[in-house]
Every structure is written in C-alpha cells, then in structure tokens.
Protein chains: 4
Amino acid sequence: MATAPTSPNALRGRPRNLAANRQILDAVRALLAERGYSALTIEGVAARAGVAKSTVYRRWTTKADLVVDAVVDTLAPLFDAHPGASPQDLLRALVDALGRPEARAAFLAVISEAAVDPVVRERAEHLLIDPSRRLVERCSATVASTVASTVDPDLLFDVVAGAVIHRVLVRGADADEAFVRGLLDLVGVPR
Amino acid sequence: MATAPTSPNALRGRPRNLAANRQILDAVRALLAERGYSALTIEGVAARAGVAKSTVYRRWTTKADLVVDAVVDTLAPLFDAHPGASPQDLLRALVDALGRPEARAAFLAVISEAAVDPVVRERAEHLLIDPSRRLVERCSATVASTVASTVDPDLLFDVVAGAVIHRVLVRGADADEAFVRGLLDLVGVPR
Amino acid sequence: MATAPTSPNALRGRPRNLAANRQILDAVRALLAERGYSALTIEGVAARAGVAKSTVYRRWTTKADLVVDAVVDTLAPLFDAHPGASPQDLLRALVDALGRPEARAAFLAVISEAAVDPVVRERAEHLLIDPSRRLVERCSATVASTVASTVDPDLLFDVVAGAVIHRVLVRGADADEAFVRGLLDLVGVPR
Amino acid sequence: MATAPTSPNALRGRPRNLAANRQILDAVRALLAERGYSALTIEGVAARAGVAKSTVYRRWTTKADLVVDAVVDTLAPLFDAHPGASPQDLLRALVDALGRPEARAAFLAVISEAAVDPVVRERAEHLLIDPSRRLVERCSATVASTVASTVDPDLLFDVVAGAVIHRVLVRGADADEAFVRGLLDLVGVPR
DNA sequence: CTATAAGCGAGACGGTACGTCTGGTCTTGTG
DNA sequence: CACAAGACCAGACGTACCGTCTCGCTTATAG
C-alpha cells in the first residue's frame, strides 16, 4: 500500500522522514473525525502532525489525495484476503470499519469530490471501490447461495455495499447484528 | 416547501426580492454541477446570481444550508404524492433525479457535512432522508409483495435507497431499466 | 445657525421632526468624544439618536457635513459678539471650547477632510475658521496694543489660533492660565 | 528610523521583501494626497503598491500606524541635526515639508486619530511631536535671542509650531518668506 | 573529505474567500 | 411628505488558507 509517492530519485539527498507519513495521516484522521472534510486544512494537518506545511505538500498534491490515502490506510486490512472468514464476519468487519468517525466524514467526502475531479475518481475507484467489490464477490463465491449466485453481480454489489453505506453513512444509524443477518438473508446467503 | 427562512417581521421595511431566491438556488445548482461542492463559494454564487453577497447571507447562514435547499428544491416534486404511480415508475424517477449532475455533487456533500454538523444533519434528515423513506414505504404499501411486506422496513429502506445511491452516486454508473427491475425483483415486488 | 438644510418645499406633507435634529447632533458629539471621527458611522449615529438612517441622510449628505454642524453647534455661542469681554476672557473661552473631548476629535478631522474635499473646505472655512479669525481680530481691536496693532493680521491670527490649537489639540496638553497670559504677553496685549 | 517592525525572529523562514516597505509607504502617501485619510483603504494601498493585502497587515496593525510611518518617513530628514543651519532655514524647511500635499492630509489625520487612540498618540508623540520640539529648541539655542530665551519653552514651541500648522495645514494658506521672517521677529530672533 | 542533492522547519509571498459591517439607495406601510 | 423599518448593491474590513517561494540547516550518497 504505497501511500506517499516516492521522490523521483530516492537514493540521492536526505531521505524522507518515514515517521512523518504516519504522523500526517494520523492527524488527517483525527481532524476528519473532529471537524469533517470541508473544515480540514493542510495547515491544520501540518500543525497537528508537528510538521512543516512543505513536508505535506511534498508528499501529497491535493487535500482529496491526502484524505483518500488516510481512509485507505485504515481500510486496507479489511480488503486483504481473509481465508476462512464467513460472509457474516466480513460484512460485520466492513460495517465496523465504515462506522468509525473518521471514515464516516471522509468516505462520502471523497466520493463527492470524485464526482467532479477525475483524478480523485480514479484513485477512489482503484483504492476503495474495486477492493470492496472484490470483498463482496469473495463472499458470494464462498457460499453455495441460491440467490446470490443467480443475481447480477453488479446489482449484488450495489445492494450489499449500498445497504451498508446507506445505513451507516447516510443515515448514521446503528448497524447491529440483525441488520447484517437480514441483509444476508435477503440476498439468499444461507445461515 | 418553504426554503429560505422569512425575515423576523415580514410586514415591516422593504420586502425581500422573491426572484432573488430562485436566482440564487439556480446559481448554486449550476456551480455544483460544474465545479463541485468544495469549490463552491458564496461569492461565486452571488456573482453568478447577479446578487450582492449580503443578500445571500441574509437568507442562508451556511454553505451547507444553501446546498441542502438547492437539492431539496429539485427533489421536492419527487417526494410529493404520485397516486397511481407504480413502484417501478417511482424508483425510475428517483434514479433520474439523483443522476443529474448537480444532485450527484450535492447530495453526498450534504451527507458528508451532516456527519459532522448536527444542524445540517437535522435538516438533511428532515428534508431529504425522511421524505425518501416515505417514498419507499408508499411503494411497498401499494403492492401485495411477498417479501417486501415481511422484511424489516428499516432494512428495506436501506437496501432500496442504498442500492440506488451506490449505483448512481458512489459508483457513478448508469442505472438502466435492468437495474431497476432487478432491484425490485430482489425485494419481491411482483412484475 | 441653519444646520440642516430645509426640504425644497417645507410647507407640504408631514413636517420634519425638529427634535430629531438635536438628537442626531447630540449623538454625533457623544460618539465623537467616545470613539473619534474615523470610527463614527452614520448607522451608529442613527441608532444612538433613536432615528432611522434615512432621517439622517435626508438632512445631511456627508459624514463630514454632519460633523461640521455638530462642532459649529457647540462653538457658536463662542463666536457671537461678547461686548466688554477682555481678550483674556475670550481666549480662555476658546481654549475651553476646543478642549472639550468631542471638539478635539472633530476639529482636526474636519480640517483633515477639508484638505481633500473642497465642499468640506468651504463649509469649514465659512463656519469655523472665519468666525474664529473675527474673534481674534475683535480682541486686537479692543486693546491699544503696541505689538498686536503693528504685526500683520494674518500672522497674528496664525500665532494666536495656532498656539491654542497646537497646545490643546495637537499636543493635548493642559492650557492653563499661564499659557493664556504668556501668549497675550508675547503678542503685546497689555495686562 | 526603522519604520516597519521587524518579524519576531528575523533569522528563521523566508526573509521579508525590503522593497515592499517602500512601495507600501509610497502608495500610502500618494493615496493620502489624492483622496485623503478617510478614503484611504488598506486594500487600495496594497493594490497601488503591487503587493498582497496580507503583506501590509503583516507589517502594520492599523491604518493609523501605517499613516504615522508614512508621515515620519518623509519628515525624518528634517528632524536630523543640521549643523550650521540658521533658524530661518530650519523653519523654512519645516514649512516646505508640511506643505507637501501628502503631508497635509496625513499629519492632521494622525493627530485626529491620536486624540482618540492612545497607541497612536504615543507613537505620534514619540515620532513627530518630540522631534519637532527638539528642532525648535535647537533653533532657540543657536541664537542669542532676547525673547526666545526668556519665554517659556512650552509656549515657544506652541507658538512656533502652532503658527506653522495653522497657516499651512489648518488654513491651507501659502507660507511665504514674509511669514517665516515675521514669526521669527515676533519671538525675538535677530536678523 | 568534500561536493552535491534532497529533506526539513520556518515563515514571507501574491492570492482568494470568508463572514461582517457600513455606505448610500430604494421600497414598503403608517402617520 | 416624513418617518421607521429593513432590503438592496457595492465594497472594505481583518482573518485564514491556499500553493509557492526563499532561507538556513540537516542528513544522506558519490566522488
């Protein structure tokens, strides 16, 4: 998960401070959770991270870029393969990850920016949407489902991911076990 | 759907220019579609609307407030009762409305702000989420559905609205007739 | 002392509220003493006078105009003839009048505006400078001075009025009896 | 005569553009002469100086501060010691300096603000009044005057400076050689 | 051991927008 | 007509960040 692009010639000159990357992304997540995307400023991030403004700009070109990486950084473990995990476990993990305050503020902000900025869109698609789609597909593959295997994969993805997003992000409601179970029932995943 | 709050005592002093309301909201929608939420500025709105900045601030206190009203203003007809409309028609109308460029940029921005600003949250809930929920409920009530009537109404709302939002707003994909039909099939609405 | 210009046809329609004139000028003086000229606003004056903004604008066209009248209004008694008054008495009265807080803030502000705005200059010359010159000339005429009668009247005016202004307004120092006496000695007015 | 305060720690960060100081003060003087103090805006100064608004605010906190420095900047050479100069020369130089249009508008503006703002008063006293007082005292010290040496120094200062100010600034009249000679005669400076 | 190269903190730079305030004008209803 | 009220357009206020640019200094590799 290469977040910050490396400098053109990483072997010459003083190497970048690796700790700064983490400090910056932590600051982004903290500020996102506290104040939201539109109140997030690069200056604020730098100050919170204890880093010069130029250090942030050297690594990320855009506020949106920075936020995408901050989000991906926390969702990454979720997207990695989880051999042997049940659909219910995976869905539960997704719900938990998106429910974290910094993810709530950030995720839809990124999507909203993506609607208007093609660069953000590409990154968001590549780093957020595609992995979550693969997650859903892995689920449906692991079960001998009667419905999930017949339904259009596009629709299945929209229904499962959409329901989670709508419940957790849009409505900000609690996604309890009943929700997860009900959703899986609806798409035909056997208990 | 009274959008702009009226002045404290509307009978005293020079009355507000009613035309300005429409000019402002039109400008908001145009700029949202062109540049997106985070590039939207009150100064830009005022300039585009041909109105003084103070005229905007007199009527809306917040960029988010203004955007909520701009979105509601276009979605309002959708939320009004449509006697005799089939679920398929209603869902189709919803998909079309959300697919318009200014709605795409605005809707998720509003939700994203709502995650962090309680005032926005309350307005969004009242003016956007609740009406769309009633729309879904009206649908499920009009059909003798085998599934939709047994499934939890909360879940039904999340699945239907979520699938639309995910398809149209998050993924930015085309929501064709097959999608609408497939979604209705999944929740058990008979053809 | 016609302060507010009368309306074109004063006999038709509702007559002006005469009390408002005094309320406005009082408010001007109070605010001048408290905040100074550059912090003086028409809105503030209207609010303090308990009068609508338009009532002020109907009577004065300019902030400087308004201030000139406010100052003249308090200096007027000084400029009227004082038969039998000694030069010392007249000078003392001038010093006292200019030393009042609202006069301090206003007088030089008016002069400063006058340096740049011909309309203000004409009013200031007519209503402030000329009368005070006549005051000084009345003084020198009443005494059989050895010096004051031989010195150029222009210079005499500059020296007497200038010394007072410099002591009271520019330096903001106390103008005691010794100052008045010393100044008269210098220009040759016998005790 | 250090006008603009230096930054707290001048050795860190990018150094200030020294040329900007002069550009700004030049702009202030030009605008003062053209439009006067109350029409002077920081935005206008910045625009005229070809400098960002923040660059002005970084160096001066107040419009009055800025004007004080602009005035001092032009009067400074006058206040420096002029060994061998006659009182007549010095007075002539003072008259000429104050008679310049930008000085006229600025000087009275500063005094007028000083009457109401203690910070301005202190700066004006320190940078304008005290030096000009020393100038007058140097004059009276260089001559074996019969009057100037017996008269109260306070009064002498008020009379000389006051006469110049009244003639040049208040009345806006021409201060010719006769005025200078007459004033010196009056206070007893021998030819 | 000394270039050379890049990172870093600090902070100034020209800009843009913020949300507020005032100026001066206008448009109502009421007296 | 005058007046209070308050909306209107215009534009300055002083602040906050933007993204860029110097600085002096530090920390690496390459010669």
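Residues numbered from 1 in each chain as written. Chains lettered and ligands numbered in written order. Predicted model: local features only at pLDDT ≥ 70, side-chain atom pairs only at ≥ 80, totals over all residues. Heavy atoms only, no water.

Draft legend 1. Highlighting the protein's contact with DNA strand E. Every one of the 41 residues lining DNA strand E counts as a neighbour, but A:T55, A:R59, B:I42, D:R58 and D:R59 are closest to it. The contact atoms of DNA strand E, taken as those within 4 Å of the protein, divide so that sugar and phosphate hold 62%. Between DNA strand E and the protein, one listed contact pairs a phosphate oxygen with a side-chain N or O atom of A:R59 at 2.5 Å. In this structure, D:R14 approaches DNA strand E through a main-chain N or O atom, which is 3.1 Å from a sugar or linking oxygen. Put simply, the parts of the chain that give the surface near DNA strand E at least two residues each are α3 (53-59) of chain A, α2 (42-49) and α3 (53-59) of chain B, α2 (42-49) and α3 (53-59) of chain C together with α3 (53-59) of chain D. A total of five residues in the surface near DNA strand E trace back to one element, the largest contributor, which is α3(D). Considering only residue class, the surface near DNA strand E consists of 10 nonpolar, 14 polar and 17 charged. (Near = heavy atom within 4 Å. Polar contact = N/O pair within 3.5 Å; in protein donor to acceptor, adjacent residues only side chain to side chain. Helix = DSSP H or I, 4+ residues; strand = E, 2+ residues; numbered from the N terminus. Nonpolar A, V, L, I, M, F, W, Y, C, P; charged D, E, K, R; others polar.)

Draft legend 2. Molecular detail of the interface of chain C and chain D. Contacts between the two partners involve 40 residues from chain C and, on the opposite side, 43 residues from chain D. Carbon and sulfur atoms supply 64% of the area that chain C and chain D bury against each other, a total of about 3200 Å² over both sides. Three residues, C:D158, C:R171 and C:L186, lead the burial of chain C against chain D; their summed loss comes to 19% of the area buried on that side. Scanning the region where chain C abuts chain D turns up six salt bridges. Between C:D158 and D:R167 there is a salt bridge, with the nearest N and O atoms lying 2.5 Å from each other. At the surface where chain C touches chain D, the tally comes to 12 residue pairs in polar contact (both at pLDDT 80 or more). Breaking the side of chain C that touches chain D down by element, the ones donating at least two residues are α1 (18-35), α6 (101-114), α7 (118-142), α8 (153-170) and α9 (177-186) of chain C. Split into classes, the residues belonging to the side of chain C that touches chain D amount to 23 nonpolar, seven polar and 10 charged. (Contact = heavy atoms within 4.5 Å. Buried area = accessible area lost by both parts, 1.4 Å probe. Salt bridge = Lys/Arg side-chain N within 4 Å of Asp/Glu carboxyl O.)

Draft legend 3. Local environment of the protein's contact with DNA strand F. The environment of DNA strand F is made up of 46 residues, and the closest members are B:T55, B:R58, B:R59, C:N17 and C:T55. A share of 68% of the atoms of DNA strand F within 4 Å of the protein falls on sugar and phosphate groups. C:T55 places a side-chain nitrogen or oxygen 2.5 Å from a phosphate oxygen of DNA strand F. When residues of the surface near DNA strand F are traced back to their parent elements, those giving at least two are α2 (42-49) and α3 of chain A, α3 of chain B, α3 of chain C together with α2 (42-49) and α3 of chain D. The residue makeup of the surface near DNA strand F, split by class, is 13 nonpolar, 15 polar and 18 charged.

Purely geometric numbers; function is a separate question.
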